[in-house]
Amino acid sequence: MKKFSKSDINLKEWEFEFQQRNSHPILMADFWCRALYHKYVKEINLVVDSYDYLFTGHSKGYAKIEQKKKTLEAMKGAFEKDKKYQDYIYTTTIKRVNEFDKVAEKILKEIIKKPSSKDLIRLWKEFDSEFITLIPWYWIPYYVAEQDFLSNKMKESLVKYKEEIEKVTDFNNAFLILISHEKELEFQAEQRDFFKLVEIAKNNSGFATDKDFIEKANNYLNKYSWIKTFVLLPIEPLSMEELLERIKKATNDNAIEDYYLQEKQKLRNKEIADSIFGIIKDDKVLVSLIDECRKFGWVLTWSVETSLHSLSNLMPFYKLIAKGIDVPFSQWIHLTSGEIIDILEGKSKITKKELDEREMGHVFLMEKGETKIVVGKEGKDLSDWIDKNMETVDLNVKELKGQSASPGIARGKVKIALNPKDSYTLEKGEILVTGMTSPDYLPAMKRAAAILTDEGGMLSHAAIMSRELGKPCIVRCKIATKVLKNGDEIEVDADNGVVKIIKKA
């Protein structure tokens, strides 16, 4: 891999695309970049360019402005003209996730047999091939959600019924209720099962040592401990000790009352939806658009949940690979996949000094199919320079605007959580502010008074989860994590998509 410097990057060609919902080490950057450059065009099935991509050590991803613009224009055109393309995205997302899940299962079965060095190399190459085929499907459905290709069209078609709808409920509330899917996702099942445990704990002060309770808690962990993990990172699944702490906190916060209110609101929302469907039932085009919105909202979150679950199940495989290349499991993420293969095949080695240097900082660039990387202090300095120059915002603004994703008004103190670990200390009534959510944000989202994200659309993970939890939510604030600071007092008006800064910390 080649090195590069400031002079090799024309920042005017690039734009910020996303803040990873956890750390984004070299191994992930390598997978993401190769997938987007070598697999993306085939998978998206449109006439678009391969993606150049840039990742900094602060877990920020940057795309080429013109390349992304071409992709979004092509996708919008395809969505407007061709229902078959919508079906392609929906069915292929499911297909790729299921294919990867089957490979993960196969790998787990094989490693139980204590594979030889040759078998381990074969399994890693198979994992590599399947994973880079899956990765474009983190981007493609996300663009559908972020750009609101379907939800905007559906809202436009719904406007003609506004007068009749507002006899039932507020028009914007009707829109949000109608695009919320009815299929149960794993995070919804998790919430139900978690509060069953909280209910028991609430009525049994000795729950932590109760044999029957511990059995139920172990069943919960068998189903949901993966939620704490993330992609390839050396983060262990949720432990019994951590679960008991979460249950104690939920009991002390009386969170179960909020959950009951959410369940009642869901029933009311279903009644509202049934009433609106009674109004629009003869409009087959609109009913079909609502169905498409619900399908895509479901598949976006389902695909993330299912693939993260599969990746978490592979934790024993990652540990075996780390052992095979003789590096600490905590540091295996600082290698590229190609380097892992070379070390497994005995073609090269990596020293602790090199790993420590990579851990210090890095910038990873894929441009015109060529990989370039800078690590260590030089990588950290370059990473700082890129992020600083790409994040030119007015820090003195008094008001932010975004897109209402879940209605309501809340006032509270800001808790910035650029990764799930930062969200663990969020107190009940604080406002969660992040780039985007992932499953491990769920405990914090339950406690939060409201949720703000820089990214996302009406069908994004944060939007769907906030509606499920009954929390006010504004997505696509763009600069919320840059302008707001921990402790700032703000008002979130998610009815109108406005955030007012009341008092700076």
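As shown above, the structure is provided for reference.
Residues numbered from 1 in each chain as written. Predicted model: local features only at pLDDT ≥ 70, side-chain atom pairs only at ≥ 80, totals over all residues. Heavy atoms only, no water.

Caption draft 1: Inspection of the nonpolar core at higher detail. Within the largest apolar cluster, 147 residues are counted, with the highest numbers of intra-cluster contacts made by Phe127, Phe131 and Trp332. Here Phe127 is in contact with Phe31, Phe100, Ile107, Leu232, Leu311, Leu314, Phe317 and Tyr318, once residues within four sequence places are set aside. Leu452, Val483, Val492 and Ala494 belong to the second-largest nonpolar core, a separate cluster that totals 18 residues. (Core = buried A, V, L, I, M, F, W, Y, C linked by side-chain atoms within 4.5 Å. Buried < 20%, exposed > 50% of the residue type's maximum accessible area, 1.4 Å probe, protein only. Contact = heavy atoms within 4.5 Å.)

Caption draft 2: Expanded view of the layout of surface pockets. What the largest pocket holds in volume is close to 740 Å³. Elements that contribute at least two residues to the lining of the largest pocket include exactly α9 (171-179), α10 (186-202), α13 (255-280) and α21 (461-469). Looking at the lining of the largest pocket, the element that brings in the most residues is α13, giving nine residues. Residue classes in the lining of the largest pocket are distributed as eight nonpolar, nine polar and 11 charged. Its boundaries defined by the atoms lining it, the second largest pocket holds a volume of some 540 Å³. Looking at the second largest pocket, it is lined by 22 residues, and the ones nearest its centre are Glu15, Phe16, Glu17, Lys68 and Lys478. Tallied by class, residues from the lining of the second largest pocket come to seven nonpolar, four polar and 11 charged. (1 Å grid on protein atoms, 1.4 Å probe; cavity = no way out; pocket = protein on both sides within 12 Å on 5 of 7 lines; lining within 4 Å. Points joined across faces, edges and corners; volume = space filled by probe spheres on them. Helix = DSSP H or I, 4+ residues; strand = E, 2+ residues; numbered from the N terminus. Nonpolar A, V, L, I, M, F, W, Y, C, P; charged D, E, K, R; others polar.)

Caption draft 3: Inspection of the pairing of strand β2 (residues 53-56) at higher detail. Both faces of β2 are covered, namely the face carrying Tyr53 and Phe55 and the face carrying Leu54 and Thr56. Alignment of β2 against strand β3 (residues 60-64), held across three bridges, turns out to be antiparallel. Among the inter-strand pairings, Tyr53 is bridged to a residue of β3, identified as Ala63. Between the antiparallel neighbours β2 and β3 lie three residues, among them Ser59 with a positive phi of about 65°. Two elements, β2 and strand β4 (residues 362-367), share four bridges in a ladder whose sense is antiparallel. From the neighbouring strand, Leu54 faces β4, where its bridge partner is Leu365. (Pairing = 2+ DSSP bridges.)

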